[in-house]
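In case you want the letters, here they are:
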Amino acid sequence: MKVLVAGGTGYIGSHICVELLQANHDVVVIDDFSNSKPEVLKYIKEITGKDVKFYEFNILDEKKTEEVFKENDLDAVIHCAAFKAVGESVEKPIEYYTNNLTTTLIVAKMMKKYHVNNIVFSSSATVYGDPEVVPLTEDCKLGETTNPYGASKAMMERILTDVQHACPEMSVTLLRYFNPIGAHESGLLGEDPKGIPNNLMPYIMKVAAGELPCLGVFGDDYDTPDGTGVRDYIHVVDLAKGHVLAIEKYNKPGLHICNLGTGRGYSVLELVHAFERVNGVKVKYEIKPRRAGDIATCYADPTRAKEELGWVATKGIDDMCRDTWNFAKTRMK
């Protein structure tokens, strides 16, 4: 298949490109490097021995996006072009809604116009809101989202669901994934955001590397075993493989919804201590007040992914910590 990866040089998108190429698909990428770096394209080729066809711009540019659809006989789209930090979304709701919703509308419009009938959307467990029960299944009702990032993901899901209803020949897959961390085992690809990281693992990595002085742990009074928030951390390579399976197996018309997670939750402090243990480094941290929009516990029931996609997370928390530190050391060379 020829697959457009929107946001394909980002943390998750770059790993998806690697897995698609290794599964012998052709890959087209649109990205504007707003939260990634051009050398990612070189690393993708170094890992796979193959090139992606690359376009540098923001999908908000509808005219340029249409040119990509016009120039390439696309079979499918993987849409992971979105702003993605919970805390930042609370501070910048206008930017989050403008970028995340408009890119989705433009992609859907071009798919309809150029008869591209298969899309996998990178959604998020944040659409479940503050869950009433865990683990979360795909049948859990969508909750009151607790931040603009989660709300934008829920709205993007709704847009694509309505498009599929209006265009029944389309296959729309909503992959609700939990907390991707880790890096490619080569050490070439990983999460290296510009500026101060908004996500936990790259912050741990930069504190361990001496690039930042201290990790802030937001809240130690949640109803969890050690008081810090519990999340389902999933290795980014497992996650990327899930996208390839989704693009290949959820290709029949209809709406498909699938959680991608491990089914196991770890607290913030468990992750910090695992990173220290696996890598033999210290991570200085301090407890800070709770952060707006955060919830106590969230982890997946991944049964459907196993039954329908044949997908099971294969990498554990030690792999995630080891691969992240390997990536950090490669960056520092």
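Residues numbered from 1 in each chain as written. Predicted model: local features only at pLDDT ≥ 70, side-chain atom pairs only at ≥ 80, totals over all residues. Heavy atoms only, no water.

Per an unreviewed UniProt entry, the protein chain carries the name UDP-glucose 4-epimerase and comes from Faecalibacillus faecis. As its UniProt record puts it under Sequence similarities (unreviewed entry), the protein chain is described as follows: "Belongs to the NAD(P)-dependent epimerase/dehydratase family." (UniProt positions renumbered as here; feature names shortened; annotations may be inferred.)

When its secondary structure is counted, the protein chain shows eleven helices and 14 strands. Its C-alpha radius of gyration of 19 Å places the protein chain within 12% of the 20 Å reference for a compact globule of 333 residues. Referenced to the eigenvectors of the C-alpha coordinate spread, the extents of the protein chain come out at roughly 50 × 45 × 40 Å. Buried residues in the protein chain amount to 56% of all 333 residues. Sequence separation of 24 or more characterises 79% of the internal contacts of the protein chain that already satisfy a separation of 6 or more. On the protein chain, roughly 14100 Å² of surface is accessible, and the fraction owed to carbon and sulfur atoms is 50%. Positive and negative charge centroids in the protein chain, built from 38 and 47 side chains respectively, lie 3 Å apart. (Helix = DSSP H or I, 4+ residues; strand = E, 2+ residues; numbered from the N terminus. Rg over C-alpha atoms; globule rule 2.2 N^0.38 Å. Buried < 20%, exposed > 50% of the residue type's maximum accessible area, 1.4 Å probe, protein only. Contact = heavy atoms within 4.5 Å. Areas by Shrake-Rupley, 256 points an atom, 1.4 Å probe, with all protein chains shown as cover. Lys, Arg positive; Asp, Glu negative; His and termini not counted. Charge placed at Lys NZ, Arg CZ, Asp CG, Glu CD.)

The sheet built from seven strands is open, its strands ordered β3-β2-β1-β4-β5-β6-β11 with parallel pairing. Since the sheet does not close on itself, it has two edges, and those belong to β3 (53-56) and β11 (254-260), each with one partner. Ignoring strand direction, the axes of neighbouring strands in this sheet form an average angle of 15 degrees. On the sheet, helix α3 (residues 62-71) packs against β1 (2-6), β2 (26-31), β3 and β4 (76-79) and is oriented at approximately 165 degrees with respect to β3. (Pairing = 2+ DSSP bridges. Axes fitted to C-alpha atoms, helices over the stretch in contact; angles between N-to-C directions.)

With that settled, consider the pattern of salt bridges. The final tally for this structure, using the stated rule, is 22 salt bridges. In this structure, Lys-37 engages Asp-192 in a salt bridge whose closest nitrogen and oxygen atoms are separated by 3.0 Å. Taken as a pair, Lys-37 in the loop between β2 and α2 (39-48) and Asp-192 in the loop between β7 (179-181) and α7 (200-208) lie far apart in primary sequence, 155 residues in all. (Salt bridge = Lys/Arg side-chain N within 4 Å of Asp/Glu carboxyl O.)

Further remarks concern the sheet that holds strand β14 (residues 297-298). Pairing within the open sheet is mixed, and its three strands lie in the order β12-β9-β14. If you trace the sheet from one side to the other, it starts and ends with β12 (266-267) and β14, each paired once.

Attention shifts here to unusual backbone geometry. Residues Val-134 and Pro-135 are joined by a peptide bond in cis, for which omega reads 0 degrees. Of note, Pro-135 is situated in the loop between β5 (118-124) and α6 (148-166). Look at Asn-24: it is not a glycine, yet its phi comes out positive at around 70 degrees. By secondary structure assignment, the location of Asn-24 is in the loop between α1 (11-22) and β2. Although it is not a glycine, Phe-33 sits at a positive phi angle of roughly 60 degrees. With respect to the secondary-structure elements, Phe-33 resides in the loop between β2 and α2.

Time to look at the state of the cysteines. In this structure the tally under the stated criterion is zero disulfides. Looking at Cys-80, it has no disulfide partner, and the nearest cysteine sulfur is the one in Cys-17, 7.5 Å off. In this structure Cys-321 is a free cysteine whose sulfur lies 18 Å from that of Cys-214, the closest cysteine sulfur available. For Cys-321, a relative accessible area of 0% corresponds to the buried category. (Disulfide = S-S within 2.5 Å.)

With that settled, the discussion passes to the layout of surface pockets. Within this model, the second largest pocket holds a volume of roughly 320 Å³. Surrounding the second largest pocket, 21 residues form its lining, Lys-37, Val-40, Gly-190, Asp-192 and Phe-327 being those nearest its centre. Of all the secondary-structure elements, those providing two or more residues to the lining of the second largest pocket are α1, α2 and α11 (317-332). Class assignment for the residues of the lining of the second largest pocket results in seven nonpolar, eight polar and six charged. (1 Å grid on protein atoms, 1.4 Å probe; cavity = no way out; pocket = protein on both sides within 12 Å on 5 of 7 lines; lining within 4 Å. Points joined across faces, edges and corners; volume = space filled by probe spheres on them. Nonpolar A, V, L, I, M, F, W, Y, C, P; charged D, E, K, R; others polar.)

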